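One letter stands for each residue in the lines below.
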Amino acid sequence: MNAKNSVISSKIDILYRDYGQRARELAKEGEKLIGYVCSFVPVEMITAAGCIPFRIRGDVHEPITKGDTLLETIVCPFIRSCFDLALKGRYDLLSGIAIPHGCDSMTRSYSTWSYGLELPYSYFINIPSVVKESSLEFFQEELKAFKKSLEDFVGHEITEEDLSGAVHLHNEYRDKVRRLYEFRKPDPPMITGLELTKVLTVGTSLPVEEANRLLDEVLAELEGREKPPTGKRPRILIDGACIDNVELVRILEESGANVVADAVCNGARDTFPRTDETTDPIAALAERYLVKINCPKTYRENKAGTFEGDIADRFGDIGKYAADYHVEGAVLFVYKYCDPFGFEVPARKVYYETIQVPMLYVEDLYSSGSIGQLKTRIQAFLEMIA
């Protein structure tokens, strides 16, 4: 298949480079787009309201200037980049924003987002930080309040049927993403890390129905792919928070690795957990977002009673990905001032030692210049595990 006939090399690549292209068209047609950051925003609720959830990206190639006039420079550079782009008009397509209590940088900057952008709709979703029964009860009430705010914004009720339909659509999306990940399992993989990162990034900029149709096209292309795009190389897992650009993956793959798995916010951490469709949708959404999304923002009781047992429980998903995708090394990629992940680095290092997966820890400033400087360290790491 030549590049012109390839969905990944043509349509996906265009939508990735011109992020929000389709969203801008929809906004001109009168559709309401709600921007969000972080995997804790229940996008099903936005879809059920008749709006379009749109994941706000930063830009590692754009210096943060206007954003730093309103946000403290100790706010993580990813959030500052997203806000900077919004102030510069990159996301004028939005009708509103939904910011969750994902970390202090998001929580403390919500008012700045709200007042700085002056959008018709803004909402702060109070996500509990402890995972236990009373937290689920609280979070269900918070989801009802979020639902009510959207109803007031759009001027109509969100019925249980609306919400169940949205849950089903987003589950379909996650099921298709899981099928995409299956193409990473062969050695060599049948999809590159670069391709998958672009597909997942583009998917969060489209209405879920359109994203599902686009994934069908990508899956059809991959099923017809006759040979892998690369040869056998060290198989790498990327661990960390939100990685919404291809720069790190590009350096790894240009340095001779195959990126075959991840535990990042806009990858497996967000897209693998499904919402239960057999129970009350509010309760099911609370369960999915608070319990099933394994983020260092939430505290879970140490039921094992030992440090070793605790890290096995907390990071067991990483161990499973490492086994399922035959990982030979991992890169823990953390943004400067990202406290939730920063505090967990020592425990994660120990966990990788217990599962005998070599790990490279790097801290970055969310800038193409600083990411480029990582190349030497990455090359040395790959030589070490080869």
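Residues numbered from 1 in each chain as written. Predicted model: local features only at pLDDT ≥ 70, side-chain atom pairs only at ≥ 80, totals over all residues. Heavy atoms only, no water.

1. Considerations on the packing of aromatic side chains
Now for step 1: Under the definition given, this model contains 15 aromatic pairs.
Now for step 2: A centroid spacing of 6.2 Å and a plane angle of 10° characterise the contact between Phe-78 and Tyr-335, whose relative ring orientation is stacked. In this pair, Phe-78 sits in helix α4 (residues 77–87) while Tyr-335 sits in strand β7 (residues 329–335), placing the two residues 257 residues apart along the sequence.
Now for step 3: Looking at Tyr-335, the relative accessible area reads 4%, which means it is buried.
Now for step 4: One aromatic cluster is present, formed by Phe-78, Phe-333, Tyr-335 and Tyr-366 through successive ring pairs. (Phe/Tyr/Trp six-rings, centres within 6.5 Å; stacked < 30°, edge-to-face > 60°. Helix = DSSP H or I, 4+ residues; strand = E, 2+ residues; numbered from the N terminus. Buried < 20%, exposed > 50% of the residue type's maximum accessible area, 1.4 Å probe, protein only.)

2. A look at empty space enclosed by the protein
Now for step 1: Considering all chains together, one arrives at three cavities of 30 Å³ or more under this definition.
Now for step 2: Roughly 260 Å³ of volume is contained in the largest cavity.
Now for step 3: When contributions to the lining of the largest cavity are tallied by element, the ones reaching two or more residues are β2 (52–55), α7 (160–182), α8 (193–203), α9 (208–223), α11 (268–271) and α12 (281–292).
Now for step 4: When residues in the lining of the largest cavity are grouped by element, the largest group, three residues, is from α7.
Now for step 5: Here the residues of the lining of the largest cavity are counted per class, giving twelve nonpolar, six polar and four charged.
Now for step 6: In this structure, the second largest cavity encloses a volume near 150 Å³.
Now for step 7: Taken together, 16 residues line the second largest cavity, and the ones lying closest to its centre are Thr-197, Ile-243, Val-249, Asp-262 and Val-264.
Now for step 8: The leading source of residues in the lining of the second largest cavity is α8, at five residues.
Now for step 9: Residue composition of the lining of the second largest cavity, grouped by class: nine nonpolar, five polar and two charged. (1 Å grid on protein atoms, 1.4 Å probe; cavity = no way out; pocket = protein on both sides within 12 Å on 5 of 7 lines; lining within 4 Å. Points joined across faces, edges and corners; volume = space filled by probe spheres on them. Nonpolar A, V, L, I, M, F, W, Y, C, P; charged D, E, K, R; others polar.)

3. Concerning the nonpolar core
Now for step 1: Ranked by internal contacts, the top residues of the largest apolar core, which has 137 residues, are Trp-113, Phe-146 and Leu-180.
Now for step 2: Every residue in contact with Leu-180, bar those within four places of it in the chain, is listed here: Ile-191, Leu-196, Val-199, Leu-215, Val-218, Leu-219 and Leu-222. (Core = buried A, V, L, I, M, F, W, Y, C linked by side-chain atoms within 4.5 Å. Contact = heavy atoms within 4.5 Å.)

4. Some remarks on the packing of helix α6 (residues 133–154) against α12
Now for step 1: Their axes nearest at 9 Å, the elements α6 and α12 cross at an angle of 115°. The hand of the α6/α12 crossing is right-handed. Within the contact between the two elements, α6 uses Ser-135, Leu-136, Phe-139, Gln-140, Leu-143, Lys-144 and Lys-147 and α12 uses Ile-282, Ala-283, Leu-285, Ala-286, Glu-287, Tyr-289, Leu-290 and Val-291.
Now for step 2: A per-class count over the contact of α6 with α12 returns ten nonpolar, two polar and three charged. (Axes fitted to C-alpha atoms, helices over the stretch in contact; angles between N-to-C directions. Left-handed = near helix turned anticlockwise from the far one by under 90°.)

5. Considerations on the layout of surface pockets
Now for step 1: Taken as a whole, the largest pocket holds about 380 Å³ of empty space.
Now for step 2: As for the largest pocket, its lining consists of 28 residues, and the residues nearest its centre are Gly-102, Cys-103, Met-106, Cys-338 and Pro-340.
Now for step 3: Taken together, the elements giving at least two residues each to the lining of the largest pocket come down to α4, α5 (104–117) and α15 (339–354).
Now for step 4: For the lining of the largest pocket, the per-class residue count stands at 20 nonpolar, three polar and five charged.

6. Re the packing of α7 against α12
Now for step 1: Relative to each other, α7 and α12 sit at 35°, their axes nearing to 10 Å. Contacts from Glu-160, Leu-163, Ser-164, Val-167 and Arg-174 of α7 reach α12 at Pro-281, Ile-282, Leu-285, Arg-288 and Tyr-289.
Now for step 2: Partitioning the contact of α7 with α12 into residue classes produces six nonpolar, one polar and three charged.

7. Some details on the sheet that holds β2
Now for step 1: The four strands are arranged β2-β1-β3-β4 in an open sheet whose pairing can be described as parallel. Only two strands of the sheet have a single neighbouring strand rather than two, namely β2 and β4 (121–125). Shown here is a sheet whose adjacent strand axes are inclined to one another by a mean of 25°, direction ignored.
Now for step 2: Inspection of the sheet shows strand β1 (residues 33–36) paired to β2 by four bridges, in the parallel sense. Following the sheet pairing, Ile-34 is matched in β2 by Pro-53.
Now for step 3: Where α6 meets the sheet, it contacts β1, β3 (96–100) and β4, and its direction lies at approximately 180° from that of β4. (Pairing = 2+ DSSP bridges.)

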